[in-house]
Amino acid sequence: MSTTYVDAAVCDWVRSTTGISITRDNAAPVELAIRLEAERRRLSPAELVAGVLSGRLPAQSFIDAITTNESYFFRAQKQMEVAVGELLPERLRKQPERDQRLLSIPCARGEEPYSMAILLRERGIADPSVRLMGADISQRCLADARRGEFGALALRRTDAVRAKRWFRAVDARRYRLDPTIVARVQFHRINLLTDDVVALGGPFDILFCQNLLIYFDPATIARALAALRRLLRPDGWLFVDHTEWNLPRAGFQMQERGGCVGFRPSGTPLTDAMGPPPVSRRRAVPKPPPALPARPLTSTALRPEPPSRAATGPARVTDDAFEPPPPTALDAFDAALAQAPLDSAALLGKARVLADGGEELEALECLETLLEALDEGAIQMPLDDRIEALALFGLLLNRKGLGGLAQGYFDELARLAPGHAVLRLRGAGHV
Ligand SMILES: C[S@@+](CC[C@H](N)C(=O)[O-])C[C@H]1O[C@@H](n2cnc3c(N)ncnc32)[C@H](O)[C@@H]1O
């Protein structure tokens, strides 16, 4: 599948509407998202694109489809611990007369603000004057966030003890977050670049804006930073992902706290009681991602309860059964892809892990990138791997009710491996 719909007009529209820059690296997932969304709305991709760009069709579900909503609990654990464990108690002590507001923007499906809500509870901070909010441009993500149910991969960095305490298995793949944590976070739909951020009810004491600026070009980053600056109290803190540390320049100064790098509005006295002097940029070498918990989450620790006990007690821990994809496999594939974005083995491996973990859209995106690079001759891969990629892609599309799209991949599979098991299952009506 080549990127036939992601042309200059689509790129311009996406950039001016969401801020997101479409590059060669992320064009394939956007193309796939357009095709899936078109199929969902029973339109051709060309009709969908023309309708959205001309304003004849509502833009929101198109935006929902093309945004990358990848997130997981405790992704920025160290920064969250500093925010919740150090900054917040200090501010509550020093400013007892007013609310303390924490905002995660963008919050995706709520993984980030919910992680902070969990940390607050674990630290016994029940003060109602601490307000937690999440905001995102994606309506679909926010609906998922409010539902409070997550796939196994969203818990891939949550240690087993914590997962058992705060989640209950709904079935083999879905986990429900404790409703008291869900109730702790308010969600708002907002476009950081074009909406009036005052509607969020700030100013905020602590902002998490992780993994958004990386999708923007320099001019858009400057606009986003200006909006973040408006959202933040003059003595507040902004935390971005370590891959984004070189981005907050205008209006912010870097400051270290508890071994973490944060950003404060320029003009904040850096020797104030809120924190120690700044680190120089030269010292701010990105740290490796937080170490994996000693005992990684396994779905064994979160197996669904037998129905009779579901309403009454905590999940039973058993030693048997299915192990979910090891979290480290995803890390290894991501590390390989950071070096070589078109590493075919890593793309296929990552797609397998994601599909096993129920993250089907993300798995489809990996496979789409892989198959497109193969079609363009940008990479080579063993025939067996190509066959597996086609079979998995077809199966996943089919599972999403997109049989029409899947057919082309099954046809190619039939040309390369006429007796493939997936085709036999399909012939027997099982797929
Ligand atoms: C990769 S997620 C990051 C989520 C979380 N902060 C994290 O680090 O795990 C990026 C999110 O940015 C949201 N987004 C993209 N453009 C946006 C905009 N202009 N305003 C608000 N949210 C936006 C997307 O919907 C998506 O959920």
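Under an unreviewed UniProt entry, the name given to the protein is CheR-type methyltransferase domain-containing protein, and the organism recorded is Thiorhodococcus mannitoliphagus.

Chemist: Tell me about the overall build of the protein, and name the residues and values.
Modeler: On a plain count of helices and strands, the protein comes out with 16 helices and 10 strands. A buried classification covers 53% of the 431 residues belonging to the protein. Within the protein, counting contacts between residues at least 6 apart in sequence, those at least 24 apart form 69% of the total. As presented, the protein carries roughly 18900 Å² of accessible surface, and 54% of it is formed by carbon and sulfur atoms.

Chemist: Describe the side chain of Asn191, listing the residues and the values that go with them.
Modeler: Position of Asn191 relative to the elements: it lies in the loop between β6 (185-189) and β7 (204-208). Among the residues examined, Asn191 registers a relative accessible area of 5% and is labelled buried. Polar contacts involving the side chain of Asn191 include one to the main-chain amide nitrogen of Leu193, which spans 2.9 Å.

Chemist: Lay out helix α13 (residues 360-375) in plain terms, naming residues and giving numbers.
Modeler: If you check α13, its first and last C-alpha atoms are 22 Å apart, about what 16 residues at 1.5 Å a residue would give, namely 22 Å. Among the 16 residues that make up α13, 14 are buried, leaving the element largely enclosed by the rest of the structure. At the C-terminal side of α13, Gly377 shows a positive phi close to 75°.

Chemist: Tell me about the packing of helix α14 (residues 383-399) against helix α15 (residues 403-416), residues and numbers included.
Modeler: The N-to-C vectors of α14 and α15 enclose an angle of 155°; their axes lie 8 Å apart at closest approach. By the angle between their directions, the pair α14 and α15 is classed as roughly antiparallel. For the element pair α14 and α15, the recorded crossing hand is left-handed. Contacts between α14 and α15 involve Leu383, Arg386, Ile387, Leu390, Ala391, Phe393, Gly394, Leu395, Leu397 and Asn398 from the former and Gly403, Leu405, Ala406, Tyr409, Phe410, Glu412, Leu413 and Leu416 from the latter. Considered class by class, the residues forming the contact of α14 with α15 number 13 nonpolar, three polar and two charged.

Chemist: Explain the site of the ligand to me, and be specific about the residues and the numbers.
Modeler: In the vicinity of the ligand lie 21 residues, with Ser71, Arg75, Pro106, Asp136 and Asn211 positioned nearest. One of the backbone N or O atoms of Pro106 is found 2.8 Å from a nitrogen atom in the ligand. Here Asn191 contributes a side-chain N or O atom positioned 2.9 Å from a nitrogen atom of the ligand. In isolation the ligand has 600 Å² of accessible area, and contact with the protein removes 99% of it. Its residues assigned to classes, the shell around the ligand comprises eight nonpolar, nine polar and four charged.

Chemist: Before we move on, can you summarise unusual backbone geometry with the specific residues and values?
Modeler: Looking along the chain, the bond that leaves Ile105 and enters Pro106 is cis, with omega of 5°. Secondary-structure assignment places Pro106 in the loop between β1 (100-104) and α6 (111-122). A positive phi angle, near 55°, is found at Arg42, a position not held by glycine. Mapping Arg42 onto the fold places it in the loop between α2 (24-40) and α3 (45-54). Although it is not a glycine, Phe74 sits at a positive phi angle of roughly 60°. You can see Phe74 is positioned in the loop between α4 (60-66) and α5 (77-94).

Chemist: With reference to specific residues and values, describe the packing of aromatic side chains.
Modeler: For the structure on display, the rule yields eight aromatic pairs. Seen from their ring centres, Phe208 and Phe239 are 5.2 Å apart, and the 35° between their planes marks the pair as tilted. With Phe208 in strand β7 and Phe239 in strand β8 (residues 232-239), this residue pair connects regions lying 31 residues apart in the sequence. Residue classification places Phe239 among the buried residues on the basis of a relative accessible area of 0%. Sitting over the face of the ring of Phe74, Arg162 holds its NZ or CZ atom 4.4 Å from the ring centroid.

Chemist: Could you give me a rundown of the environment of Ala226, with the residues and numbers involved?
Modeler: Within the secondary structure, Ala226 is located in helix α10 (residues 218-231). Along the chain, Ala226 and Gly251 lie 25 residues apart, while their C-alpha atoms are 7.6 Å from each other.

Chemist: Give me the side chain of Thr369: which residues, what numbers.
Modeler: One can find Thr369 in helix α13. The class for Thr369 is buried, based on a relative accessible area of 16%. At a separation of 2.9 Å, a polar atom in the side chain of Thr369 contacts the main-chain carbonyl oxygen of Glu365. Ignoring any residue separated from it by four or fewer positions in sequence, one finds Thr369 in contact with Ala28, Pro29, Leu342 and Leu347.

Chemist: Help me get a handle on the nonpolar core, residues and values and all.
Modeler: In this structure, Ile34, Leu103, Leu192, Leu228, Leu231 and Leu238 are the most contacted members of the largest nonpolar core, which totals 49 residues. It is α10 that provides the largest number of residues to this core, a total of six residues. Both domains that meet at this core, namely domain 1 (8-66) and domain 2 (77-283), each give it at least three residues. Membership of the second largest hydrophobic core comes to 42 residues, among which are Phe73, Phe150, Val182 and Trp237.

What counts and how
Residues numbered from 1 in each chain as written. Predicted model: local features only at pLDDT ≥ 70, side-chain atom pairs only at ≥ 80, totals over all residues. Heavy atoms only, no water. Helix = DSSP H or I, 4+ residues; strand = E, 2+ residues; numbered from the N terminus. Buried < 20%, exposed > 50% of the residue type's maximum accessible area, 1.4 Å probe, protein only. Contact = heavy atoms within 4.5 Å. Areas by Shrake-Rupley, 256 points an atom, 1.4 Å probe, with all protein chains shown as cover. Polar contact = N/O pair within 3.5 Å; in protein donor to acceptor, adjacent residues only side chain to side chain. Expected span 1.5 Å × (residues − 1). Axes fitted to C-alpha atoms, helices over the stretch in contact; angles between N-to-C directions. Parallel < 35°, antiparallel > 145°, perpendicular 65-115°, else oblique. Left-handed = near helix turned anticlockwise from the far one by under 90°. Nonpolar A, V, L, I, M, F, W, Y, C, P; charged D, E, K, R; others polar. Near = heavy atom within 4 Å. Phe/Tyr/Trp six-rings, centres within 6.5 Å; stacked < 30°, edge-to-face > 60°. Lys NZ or Arg CZ within 6 Å of the ring centre and 35° of its normal. Core = buried A, V, L, I, M, F, W, Y, C linked by side-chain atoms within 4.5 Å. Domains from an automatic or database assignment.

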